[in-house]
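What follows is each chain in one-letter form.
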Amino acid sequence: PPQRPQIPKHQFCADLSQCLFDFVVQLLPTAEELAIKEDVRKLLERLIRTIEPDSRLLSFGSTANGFSLRNSDMDLCCLIDSEDRLPATDLVNMLGDLFARETKFHIKSLPHARIPIVKLSLDPKPGLPFGIACDIGFENRLALENTRLLMCYAMIDPARVRTLVLFLKVWCKRRKINSPYKGTLSSYGYVLLVIYFLMHVKNPPVLPNLQQIPPMRPISQEETHLNGHNVWFFDDINVLRQRWQSSNTESVAELLIDFFKFYSRDFTYNTGVISIRAGLLSKESKGWDNDPDKGTARERNRLCIEDPFEIDFNVARCVTRDGLYTIRGEFMRASRILAARPERAFIALAQLCE
Ligand code: GTP
Ligand code: MG
């Protein structure tokens with residue numbers, strides 16, 4: 001084919017940014033879907049209280065952190081504010097029976113899983129074309145806190161942060177690299193990759209590090225720690241909005257292009273640990289290195305993403321050698337598509353998510 005001159009980068013980026021906004025907007029959950037989900041939460045909470053009167057049922061994960069897409073599942077966490085609560089195993093069995101009797105949900109209780117949960121689902125019907133999938137866990141207070149942390153990051157710069165994260169969530173699902181059970185990465189892991197990139201790779205940064213901003217008043221260890229983990233972060237969004245203005249003015253398209261470039265070319269997968277809390281760390285310093293004697297450690301730590309609060313926990317522990325190879329291949333493919341700058345940005349988007 002005859003060579004056409006490549007369109008200028010700034011023009012491509014302006015066009016691509018607009019396409020990204022438009023693309024993401026139509027994937028947001030509708031008000032109706034959100035209302036149905038809130039009704040489900042209330043109903044289940046009411047039922048749980050017939051067994052444990054001092055309980056609360058709270059949303060976490062994407063329904064609560066600002067990164068939810070249409071039809072995403074519901075992650076719920078049951079907190080019981082009393083001393084003499086039932087063991088989780090018994091509770092899971094009893095709730096399974098109760099929900100089966102009192103609701104139309106399909107129920108699956110997993111009382112003996114590493115984290116006992118009850119799974120509920122509802123088949124699709126008009127008005128609810130994708131049904132509902134919901135997991136209820138117990139006392140998972142760290143997940144509530146990391147949800148709140150991600151929500152704060154989403155709120156600091158929604159136009160760029162939410163657009164990037166939501167696009168990448170769709171992209172990784174369409175490219176089939178979002179299945180921890182099959183050796184690739186969870187959505188939570190991808191969100192941490194984006195935040196790390198915006199905070200520690202971009203210069204000037206797009207996001208401040210909320211875990212490193214000193215508190216405005218002295219606070220005690222009791223207030224900052226949960227199950228032995230420091231969960232403190234600066235969460236006063238109003239103060240932050242007044243005081244923190246990123247001097248990074250890159251468009252969402254420029255950021256996306258650089259994100260793919262960074263993770264396909266620059267990140268040191270063999271030795272590096274991604275930490276939003278502390279920046280780039282080494283596997284060696286965390287004892288996560290590929291010591292040939294520790295065959296299992298090596299297999300669990302191909303890709304290392306430190307949890308923001310459970311810092312001994314590698315969020316990407318499920319990513320296998322093949323999984324990482326595939327993920328990196330996808331980062332490279334995306335980089336290549338964007339570097340080619342097709343004349344119409346929506347063609348690039350369509351190719352990315354093919
Ligand atoms: P979608 O369900 O794909 O929309 O994404 P999501 O944002 O709900 O993410 P995901 O289902 O991966 O995780 C839901 C929540 O569970 C996260 O927001 C975390 O609070 C928690 N979570 C998931 N994976 C981990 C993990 O490996 N470690 C910890 N500590 N929390 C996790
Ligand atoms: Mg979820």
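Just so you know, these numbers come straight off a predicted model, no measurement behind them.

Further remarks concern the overall build of the chain. When helices and strands are tallied, the chain shows 14 helices and nine strands. By the compact-globule yardstick of 20 Å for 354 residues, the chain fits well, its C-alpha radius of gyration being 22 Å. Structurally, the chain occupies a C-alpha span of about 70 × 50 × 50 Å along its principal axes. By the burial criterion, 49% of the 354 residues in the chain qualify as buried.

Attention shifts here to helix α10 (residues 252-266). Residues that lie three or four places apart on an α-helix share one face, since the helix turns once every 3.6 residues. With 15 residues, α10 should reach 21 Å at 1.5 Å per residue; the first-to-last C-alpha distance of 20 Å fits that figure. Among the residues making up α10, those that are buried are Val 252, Ala 253, Leu 255, Leu 256, Ile 257, Phe 259, Phe 260, Phe 262, Tyr 263 and Ser 264. Taken together, the buried residues of α10 touch α1 (9-25), α6 (158-174), α7 (187-201), β8 (272-275) and α13 (321-339).

Let us now look at the site of ligand 1. Around ligand 1, 19 residues are found, and the nearest of them are Ser 62, Asp 73, Asn 146, Lys 173 and Ser 187. Between Ser 187 and ligand 1, the recorded distance is 2.7 Å, taken from a side-chain N or O atom to an oxygen atom. Separating a nitrogen atom of ligand 1 from a side-chain N or O atom of Glu 310 is a distance of 3.1 Å. Protein chains bury 83% of the 620 Å² of accessible surface belonging to ligand 1 in isolation. Looking at the shell around ligand 1, the elements that each hand over two or more residues are α3 (62-65), α5 (141-156), α6 and α7. The element contributing the most residues to the shell around ligand 1 is α5, with three residues. Class assignment of the residues belonging to the shell around ligand 1 gives a composition of four nonpolar, eight polar and seven charged. When residues of the shell around ligand 1 are assigned to domains, at least three map to each of domain 1 (31-143) and domain 2 (157-207 + 246-352).

Let's shift gears to the layout of surface pockets. In this model, the second largest pocket occupies a volume close to 250 Å³. Taken together, 16 residues make up the lining of the second largest pocket; nearest its centre are Glu 33, Asn 71, Leu 128, Pro 129 and Phe 130. When contributions to the lining of the second largest pocket are tallied by element, the ones reaching two or more residues are α2 (31-51) and β5 (132-138). Of the residues that constitute the lining of the second largest pocket, the class distribution is six nonpolar, five polar and five charged.

Next up on the list: the sheet that holds strand β4 (residues 117-122). The five strands lie next to each other as β1-β2-β5-β4-β3, forming an open sheet whose pairing is mixed. Whereas interior strands pair on both sides, the edge strands pair on one side only; in this sheet they are β1 (55-60) and β3 (106-110). Strand-to-strand twist across the sheet, computed as the mean angle between neighbouring axes with direction ignored, equals 20°. By the bridge criterion, five bridges tie β3 to β4 in an arrangement that is antiparallel. Bridge pairing in β4 places Leu 110 opposite Ile 117. Lying over the sheet, α2 contacts β1, β2 (74-80), β4 and β5, oriented at roughly 155° with respect to β1.

Along the chain, the position of Arg 160 falls in helix α6. Among the polar contacts listed, one links the side chain of Arg 160 to the side chain of Asp 157, at a separation of 2.9 Å. Residue contacts for Arg 160: discarding those within four places in its chain leaves Val 206, Ser 246, Asn 248, Thr 249, Glu 250, Val 252 and Leu 255.

It is the contact of α10 with α13, at a shortest axis distance of 8 Å, that shows an interaxial angle of 140°. On the basis of the axis angle, α10 is oblique to α13. Every pair of crossing elements has a handedness; the one defined by α10 and α13 is left-handed. Of the residues in α13, those touching α10 at Leu 256, Ile 257, Phe 259, Phe 260, Lys 261, Tyr 263 and Ser 264 are Phe 331, Met 332, Ala 334, Ser 335 and Leu 338. Looking at the contact of α10 with α13, its residues break down into nine nonpolar, two polar and one charged.

Judged by nonpolar contacts, the single largest core of 79 residues is most densely connected at Phe 167, Trp 171, Tyr 263 and Phe 331. Within the residue set of this core, elements represented by two or more residues are α1, α5, α6, α7, α9 (237-243), α10, α13 and α14 (345-352). It is α7 that contributes the most residues to this core, 10 residues altogether. If you count residues domain by domain, this core takes at least three from each of domain 1 (31-143) and domain 2 (157-207 + 246-352). Leave out the neighbours within four places in its chain, and Phe 331 touches Trp 171, Tyr 190, Leu 193, Phe 259, Phe 260, Tyr 263, Ser 264 and Tyr 269. The next biggest cluster of nonpolar side chains, apart from the first, holds 23 residues, and it includes Val 40, Leu 91, Leu 95 and Ile 136.

The rules behind the values
Residues numbered from 1 in each chain as written. Chains lettered and ligands numbered in written order. Predicted model: local features only at pLDDT ≥ 70, side-chain atom pairs only at ≥ 80, totals over all residues. Heavy atoms only, no water. Helix = DSSP H or I, 4+ residues; strand = E, 2+ residues; numbered from the N terminus. Rg over C-alpha atoms; globule rule 2.2 N^0.38 Å. Buried < 20%, exposed > 50% of the residue type's maximum accessible area, 1.4 Å probe, protein only. Expected span 1.5 Å × (residues − 1). Contact = heavy atoms within 4.5 Å. Near = heavy atom within 4 Å. Polar contact = N/O pair within 3.5 Å; in protein donor to acceptor, adjacent residues only side chain to side chain. Areas by Shrake-Rupley, 256 points an atom, 1.4 Å probe, with all protein chains shown as cover. Nonpolar A, V, L, I, M, F, W, Y, C, P; charged D, E, K, R; others polar. Domains from an automatic or database assignment. 1 Å grid on protein atoms, 1.4 Å probe; cavity = no way out; pocket = protein on both sides within 12 Å on 5 of 7 lines; lining within 4 Å. Points joined across faces, edges and corners; volume = space filled by probe spheres on them. Pairing = 2+ DSSP bridges. Axes fitted to C-alpha atoms, helices over the stretch in contact; angles between N-to-C directions. Parallel < 35°, antiparallel > 145°, perpendicular 65-115°, else oblique. Left-handed = near helix turned anticlockwise from the far one by under 90°. Core = buried A, V, L, I, M, F, W, Y, C linked by side-chain atoms within 4.5 Å.

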